[in-house]
Amino acid sequence: MQLDVVSLFPEWFDWFSTQRHVRNALARGHEVRTFNPRDWTPLSGGQVDDTPFGGGAGMVLRVDVMDQALRGIYGQDPVDLRTQRRVIALTPGGRMLDDAFVDELAAEPAITLLCGRYEGFDERIVQHFASDAVSVGRYVLSGGELAAMVVMDTVLRKQPGALGHAESSLEESFSRALGGDPEYPHYTRPAEYRGWKVPPVLLSGHHEEIAGWRRMRSHERGVVGPTARPPDPEITERRRPGGPD
Ligand code: ADE
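Parameters and conventions
Note that residues are indexed from 1 along each chain, following the sequence as it is written. Local features are withheld for residues below a pLDDT of 70 in this predicted model, meaning they are given only at 70 or higher, and side-chain atom pairs are given and counted only at 80 or more; totals for whole chains, interfaces and linings count all residues. Any residue qualifies as near a molecule or strand once its backbone-derived C-beta atom lies within 6 Å of it. Counting from the N terminus, the helices are DSSP H or I runs at least four residues long and the strands are E runs at least two residues long. UniProt positions are given in the numbering used here, feature names are shortened, and annotations may be inferred rather than shown by experiment. In this scheme every C-beta is placed from the backbone, and a residue whose C-beta has 20 or more other C-beta atoms within 10 Å is buried, one with 12 or fewer is exposed, and one in between is partly exposed. We call two residues in contact whenever the C-beta atoms placed from their backbones are within 7 Å. By convention the nonpolar core is taken to be a set of buried residues drawn from Ala, Val, Leu, Ile, Met, Phe, Trp, Tyr and Cys and joined through C-beta atoms within 7 Å. Comment: axis = line fitted to C-alpha atoms, over the contacting stretch for helices; angle = value between 0 and 180 degrees taken between N-to-C directions. Note on angle classes: values under 35 degrees are labelled roughly parallel, values over 145 roughly antiparallel, values of 65 to 115 roughly perpendicular, and the remainder oblique. For this classification, Asp, Glu, Lys and Arg are treated as charged, while Ala, Val, Leu, Ile, Met, Phe, Trp, Tyr, Cys and Pro are nonpolar and the rest, including Gly, are polar.

## A few points about the site of the ligand
And step 1. What surrounds the ligand is the set Leu 90, Thr 91, Pro 92, Ser 135, Val 136, Gly 137, Tyr 139, Val 140, Leu 141, Gly 144 and Ala 147.
And step 2. Those elements that provide at least two residues to the shell around the ligand are strand 5 (86-96) and helix 7 (144-156).
And step 3. Per-element tally for the shell around the ligand: the top contributor is strand 5, with 3 residues.

Written out as structure tokens, the structure reads:
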């Protein structure tokens, strides 16, 4: 897979490429490339963004700059490019990334990730140059770079050989193997700590019972939801400024 990132901060991705699963993927022939649209801007002073029509705060990445950048990188009109490779605009209002979507992207031979900054993209970039608009959550990041890293991380770790032998992305949270449920809880030594005991079934050596217990815990988490644990009133009270009365 060829993963290209178009970002005003390409150097941020240097750190990302030091991650073990990314290095493993690169060693197996996958490719990560970064490009700075500023290198292709037709505007003076390296300008890439402008104030929004209609007023409002912040700056908007210009469509003419992105057009020139994508032409410079790929040597073709970006309107055609998106019919040949996945071109993803990262934006908070896009299609929500989930495990099934990651599987879909992981099977692509080539993806380009477009990172907006400040107030984001001129909408014509999303409409005419992108094949997809993708969100990593319903909150606003300061730019698309962290979102692009989320996409890259999730997609690259699915590539065969990216994870070590001991790890696997087959039976993990939200995978088909777990029926889309979150993963079951894990425990390791010590078997008891401060009176907190590991569930005895995990120490039993009974593989079928362990598998059954894990399926149940996983399913429970899927039904209740991982964040559905209600706040403990005692803890909330102790955190209050000034502490408990
Ligand atoms: N850019 C800013 N916020 C974002 C988000 N939540 N997802 C994708 N791209 C973004």
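## So, the UniProt feature "binding site: S-adenosyl-L-methionine" (unreviewed entry) in the protein chain
And step 1. Under the UniProt annotation, the feature "binding site: S-adenosyl-L-methionine" (unreviewed entry) is placed at Gly 116.
And step 2. Within the secondary structure, Gly 116 sits in the loop between strand 6 (110-115) and helix 6 (123-129).
And step 3. Judged by C-beta crowding, with 26 C-beta atoms within 10 Å, Gly 116 ranks as buried.
And step 4. For Gly 116, the contacting residues outside a window of four places in its chain are Leu 61, Leu 90, Thr 91, Phe 121, Gly 143 and Gly 144.

## Quick word on the nonpolar core
And step 1. Of all hydrophobic cores here, the largest spans 37 residues; its most connected members are Ile 88, Leu 90, Leu 113, Leu 114, Ile 125, Ala 148 and Val 151.
And step 2. Looking at this core, the elements with two or more residues in it are strand 1 (2-6), helix 2 (20-27), strand 4 (60-61), helix 3 (63-74), strand 5, strand 6, helix 6 and helix 7.
And step 3. Among the elements that make up this core, the one with the highest residue count is helix 7 (7 residues).
And step 4. Once you skip the residues sitting within four places of it in the chain, Ile 125 turns out to touch Leu 61, Val 63, Met 66, Ala 89, Leu 114 and Ala 130.

## Some words on the packing of helix 5 (residues 99-106) against helix 7
And step 1. Where helix 5 contacts helix 7, the axes come no closer than 9 Å and their chain directions differ by 75 degrees. Here helix 5 is positioned roughly perpendicular relative to helix 7, judged by the angle of their axes. Residues Val 102, Leu 105 and Ala 106 of helix 5 pack against Val 151, Thr 154 and Val 155 of helix 7.
And step 2. Of the residues contributing to the contact of helix 5 with helix 7, the split by class is 5 nonpolar, 1 polar and no charged.

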